[in-house]
Amino acid sequence: GHVTRVYTTWTNEDGSGWSLSNYTWENGVMTRYTSQSSESDETRVTTYEWENGNLVREERVRSSYRETTTYLYDNHPSYMSGMREDVRLMIAEDPEYLSKNNVIKKTETTVYNSDGSTYTYSYNYVYTYGSDGYPISFKRTDNDNNSGGSYTNVDRTTYVQYGDGSGATAPTMYYIGT
(Lines give C-alpha, C1' and ligand atoms only; values in the text may rest on other atoms or scores of the structure.)
Protein backbone atom coordinates (compact mmCIF):
# COMPACT_ATOMS: atom_id res chain seq x y z
CA GLY A 1 0.00 0.00 0.00
CA HIS A 2 0.86 3.68 -0.01
CA VAL A 3 2.75 5.43 2.76
CA THR A 4 0.08 7.22 4.82
CA ARG A 5 1.92 8.39 7.95
CA VAL A 6 5.53 9.02 8.95
CA TYR A 7 6.53 9.90 12.52
CA THR A 8 10.15 10.93 13.13
CA THR A 9 11.99 11.76 16.36
CA TRP A 10 15.45 13.25 16.65
CA THR A 11 18.07 14.23 19.18
CA ASN A 12 21.06 16.44 18.47
CA GLU A 13 23.27 19.01 20.20
CA ASP A 14 20.38 21.50 20.13
CA GLY A 15 17.89 19.20 21.84
CA SER A 16 15.24 16.81 20.62
CA GLY A 17 12.05 16.98 18.63
CA TRP A 18 9.51 15.21 16.49
CA SER A 19 7.64 15.54 13.20
CA LEU A 20 4.48 13.89 11.92
CA SER A 21 3.59 13.67 8.22
CA ASN A 22 0.28 12.41 6.82
CA TYR A 23 -0.26 11.51 3.15
CA THR A 24 -3.67 11.22 1.42
CA TRP A 25 -3.91 9.14 -1.77
CA GLU A 26 -6.71 9.02 -4.35
CA ASN A 27 -6.73 6.80 -7.42
CA GLY A 28 -3.07 5.91 -6.91
CA VAL A 29 -1.70 9.47 -6.57
CA MET A 30 -0.88 11.61 -3.56
CA THR A 31 -3.38 14.47 -3.33
CA ARG A 32 -2.71 15.97 0.10
CA TYR A 33 0.14 16.18 2.59
CA THR A 34 -0.06 17.61 6.10
CA SER A 35 2.77 17.96 8.58
CA GLN A 36 3.28 19.06 12.14
CA SER A 37 6.43 19.30 14.23
CA SER A 38 7.63 20.14 17.69
CA GLU A 39 9.29 23.23 16.19
CA SER A 40 5.99 24.95 15.25
CA ASP A 41 2.38 25.14 16.44
CA GLU A 42 1.27 25.37 12.82
CA THR A 43 -0.16 22.52 10.75
CA ARG A 44 1.25 22.82 7.24
CA VAL A 45 -1.06 21.75 4.38
CA THR A 46 0.00 20.94 0.84
CA THR A 47 -2.31 19.88 -2.01
CA TYR A 48 -1.30 18.28 -5.32
CA GLU A 49 -2.75 18.18 -8.86
CA TRP A 50 -1.72 15.43 -11.28
CA GLU A 51 -2.09 14.94 -15.04
CA ASN A 52 -0.98 11.91 -17.06
CA GLY A 53 1.05 10.52 -14.15
CA ASN A 54 2.91 13.78 -13.47
CA LEU A 55 2.58 16.32 -10.67
CA VAL A 56 1.63 19.59 -12.42
CA ARG A 57 0.70 21.87 -9.51
CA GLU A 58 1.47 21.96 -5.82
CA GLU A 59 0.10 24.48 -3.33
CA ARG A 60 1.50 24.98 0.18
CA VAL A 61 -0.53 27.04 2.64
CA ARG A 62 1.13 28.33 5.78
CA SER A 63 0.02 30.96 8.29
CA SER A 64 2.26 33.65 6.73
CA TYR A 65 2.27 32.75 3.00
CA ARG A 66 0.88 30.71 0.12
CA GLU A 67 3.31 29.07 -2.30
CA THR A 68 2.26 27.64 -5.66
CA THR A 69 4.63 25.47 -7.67
CA THR A 70 4.00 24.45 -11.28
CA TYR A 71 5.89 21.76 -13.20
CA LEU A 72 6.57 21.02 -16.88
CA TYR A 73 7.89 17.62 -18.04
CA ASP A 74 9.71 15.95 -20.90
CA ASN A 75 8.30 12.78 -22.49
CA HIS A 76 11.09 10.47 -21.26
CA PRO A 77 10.74 8.04 -18.32
CA SER A 78 11.91 9.40 -14.97
CA TYR A 79 15.20 8.04 -13.72
CA MET A 80 13.46 7.32 -10.40
CA SER A 81 10.42 5.60 -11.93
CA GLY A 82 11.77 2.11 -11.21
CA MET A 83 11.91 2.68 -7.42
CA ARG A 84 9.06 2.14 -4.98
CA GLU A 85 7.21 5.38 -4.12
CA ASP A 86 8.14 5.22 -0.43
CA VAL A 87 11.84 4.96 -1.31
CA ARG A 88 11.55 7.86 -3.78
CA LEU A 89 9.88 10.05 -1.13
CA MET A 90 12.57 9.24 1.44
CA ILE A 91 15.43 9.91 -0.98
CA ALA A 92 14.13 13.05 -2.61
CA GLU A 93 11.52 14.38 -0.16
CA ASP A 94 9.84 16.08 -3.14
CA PRO A 95 6.63 14.61 -4.63
CA GLU A 96 7.68 15.56 -8.17
CA TYR A 97 9.90 12.47 -8.02
CA LEU A 98 6.74 10.35 -7.98
CA SER A 99 6.02 11.59 -11.54
CA LYS A 100 6.48 9.26 -14.49
CA ASN A 101 8.51 11.80 -16.52
CA ASN A 102 11.38 14.20 -15.79
CA VAL A 103 10.81 17.79 -14.69
CA ILE A 104 12.17 20.29 -17.23
CA LYS A 105 10.89 23.42 -15.49
CA LYS A 106 9.73 24.08 -11.94
CA THR A 107 8.39 27.54 -10.99
CA GLU A 108 7.67 28.56 -7.40
CA THR A 109 5.57 31.66 -6.66
CA THR A 110 5.18 32.77 -3.05
CA VAL A 111 2.70 35.42 -1.91
CA TYR A 112 3.19 36.77 1.61
CA ASN A 113 0.03 37.49 3.61
CA SER A 114 1.51 40.45 5.50
CA ASP A 115 1.95 42.77 2.51
CA GLY A 116 0.92 40.84 -0.62
CA SER A 117 4.48 40.83 -1.96
CA THR A 118 5.31 38.12 -4.48
CA TYR A 119 8.53 36.17 -4.93
CA THR A 120 9.19 33.96 -7.99
CA TYR A 121 11.95 31.41 -8.40
CA SER A 122 12.42 28.88 -11.19
CA TYR A 123 14.54 25.84 -11.90
CA ASN A 124 15.31 24.63 -15.42
CA TYR A 125 16.61 21.13 -16.12
CA VAL A 126 18.49 19.94 -19.21
CA TYR A 127 18.89 16.17 -19.62
CA THR A 128 21.21 13.89 -21.54
CA TYR A 129 19.45 10.63 -22.38
CA GLY A 130 20.73 7.12 -22.94
CA SER A 131 19.69 4.97 -25.88
CA ASP A 132 16.81 3.56 -23.79
CA GLY A 133 15.34 7.05 -23.24
CA TYR A 134 16.22 7.27 -19.54
CA PRO A 135 18.32 10.23 -18.36
CA ILE A 136 21.99 9.59 -17.74
CA SER A 137 22.76 13.12 -16.54
CA PHE A 138 21.04 16.42 -16.00
CA LYS A 139 22.00 19.97 -15.22
CA ARG A 140 19.84 22.26 -13.11
CA THR A 141 19.93 26.03 -13.55
CA ASP A 142 18.33 28.26 -10.91
CA ASN A 143 16.76 31.60 -11.80
CA ASP A 144 15.88 34.24 -9.23
CA ASN A 145 13.70 36.92 -10.83
CA ASN A 146 13.23 39.09 -7.77
CA SER A 147 16.05 41.57 -7.25
CA GLY A 148 15.72 44.18 -9.95
CA GLY A 149 16.95 41.80 -12.62
CA SER A 150 17.62 38.13 -12.70
CA TYR A 151 20.68 36.11 -12.08
CA THR A 152 21.36 32.58 -13.17
CA ASN A 153 23.30 30.14 -11.07
CA VAL A 154 24.17 26.74 -12.53
CA ASP A 155 23.65 24.75 -9.39
CA ARG A 156 24.75 21.22 -10.17
CA THR A 157 25.11 18.40 -12.63
CA THR A 158 23.82 14.98 -11.57
CA TYR A 159 24.97 11.69 -13.10
CA VAL A 160 22.72 8.63 -12.98
CA GLN A 161 23.85 5.01 -13.13
CA TYR A 162 21.45 2.06 -13.16
CA GLY A 163 21.73 -1.36 -11.50
CA ASP A 164 22.57 -3.08 -14.79
CA GLY A 165 25.58 -0.77 -15.23
CA SER A 166 23.95 1.40 -17.88
CA GLY A 167 23.80 5.14 -17.56
CA ALA A 168 26.39 7.78 -16.89
CA THR A 169 30.07 7.49 -16.39
CA ALA A 170 30.67 10.41 -14.10
CA PRO A 171 34.08 11.94 -13.46
CA THR A 172 34.07 10.02 -10.15
CA MET A 173 31.33 7.70 -8.96
CA TYR A 174 31.35 6.81 -5.27
CA TYR A 175 29.67 3.64 -4.06
CA ILE A 176 28.45 2.97 -0.54
CA GLY A 177 28.19 -0.66 0.50
CA THR A 178 28.57 -3.65 -1.76
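Structure first, text after, so check above.
Residues numbered from 1 in each chain as written. Predicted model: local features only at pLDDT ≥ 70, side-chain atom pairs only at ≥ 80, totals over all residues. Heavy atoms only, no water.

Draft legend 1. How the structure looks around the overall build of the protein. Summing up its helical and strand segments, the protein has one helix and ten strands in all. Starting at the N terminus, the α and β elements of the protein follow one another as β-β-β-β-β-β-α-β-β-β-β. The proportion of buried residues among the 178 residues of the protein is 37%. In the protein, 32% of the contacts between residues at least 6 apart in sequence involve partners at least 24 apart. Working note: accessible area of the protein is about 11000 Å², and carbon and sulfur atoms make up 46% of it. (Helix = DSSP H or I, 4+ residues; strand = E, 2+ residues; numbered from the N terminus. Buried < 20%, exposed > 50% of the residue type's maximum accessible area, 1.4 Å probe, protein only. Contact = heavy atoms within 4.5 Å. Areas by Shrake-Rupley, 256 points an atom, 1.4 Å probe, with all protein chains shown as cover.)

Draft legend 2. Focus on unusual backbone geometry. Of note in this structure, Asn52 is not a glycine but carries a positive phi near 50 degrees. Within the fold, Asn52 resides in the loop between strand E4 (40–51) and strand E5 (54–61). Looking at Asn52, the relative accessible area reads 66%, which means it is exposed.

Draft legend 3. Structural view of the pairing of strand E7 (residues 101–112). Pairing analysis gives ten bridges linking strand E6 (residues 65–77) to E7, with the strands arranged antiparallel. Residue pairing in the sheet places Thr70 in a bridge with Thr107 of E7. As consecutive antiparallel partners, E7 and strand E8 (residues 118–129) are separated by five residues, and within that stretch Gly116 has a phi angle of approximately 75 degrees, a positive value. (Pairing = 2+ DSSP bridges.)

Draft legend 4. Representation of the pairing of strand E3 (residues 29–37) within the structure. Inspection of the sheet shows strand E2 (residues 15–26) paired to E3 by eight bridges, in the antiparallel sense. What sits directly across from Trp25, in E3, is Met30. Where E2 folds back on E3, the antiparallel hairpin that results is connected by two residues, among which Asn27 adopts a positive phi of roughly 50 degrees. Summarising the sheet, E3 and E4 pair through five bridges and their orientation is antiparallel. Across the sheet, Ser35 pairs through a bridge with Arg44, a residue of E4. A loop of two residues connects E3 with E4, the two strands running antiparallel in sequence.

Draft legend 5. The arrangement of the side chain of Lys106 in detail. With respect to the helices, strands and loops of the structure, Lys106 is situated in strand E7. Those residues in contact with Lys106 that lie beyond four places of it in its chain are Thr69, Thr70, Tyr71, Glu96, Tyr121, Ser122, Tyr123 and Tyr125.

Draft legend 6. Region of interest: the nonpolar core. Counting 16 residues, the largest nonpolar core has Met30, Tyr48, Leu55, Val103 and Tyr125 as its most contacted members. Those elements that provide at least two residues to this core are E2, E3, E4, E6 and E8. With four residues, E8 is the single largest residue contributor to this core. (Core = buried A, V, L, I, M, F, W, Y, C linked by side-chain atoms within 4.5 Å.)

Draft legend 7. Layout of the pattern of salt bridges. Under the definition given, this model contains seven salt bridges. Between Glu59 and Arg66 there is a salt bridge whose closest N-O contact spans 3.1 Å. Each member of the salt-bridge network shares a partner with another, and the members are Glu49, Arg57, Glu59 and Arg66. (Salt bridge = Lys/Arg side-chain N within 4 Å of Asp/Glu carboxyl O.)

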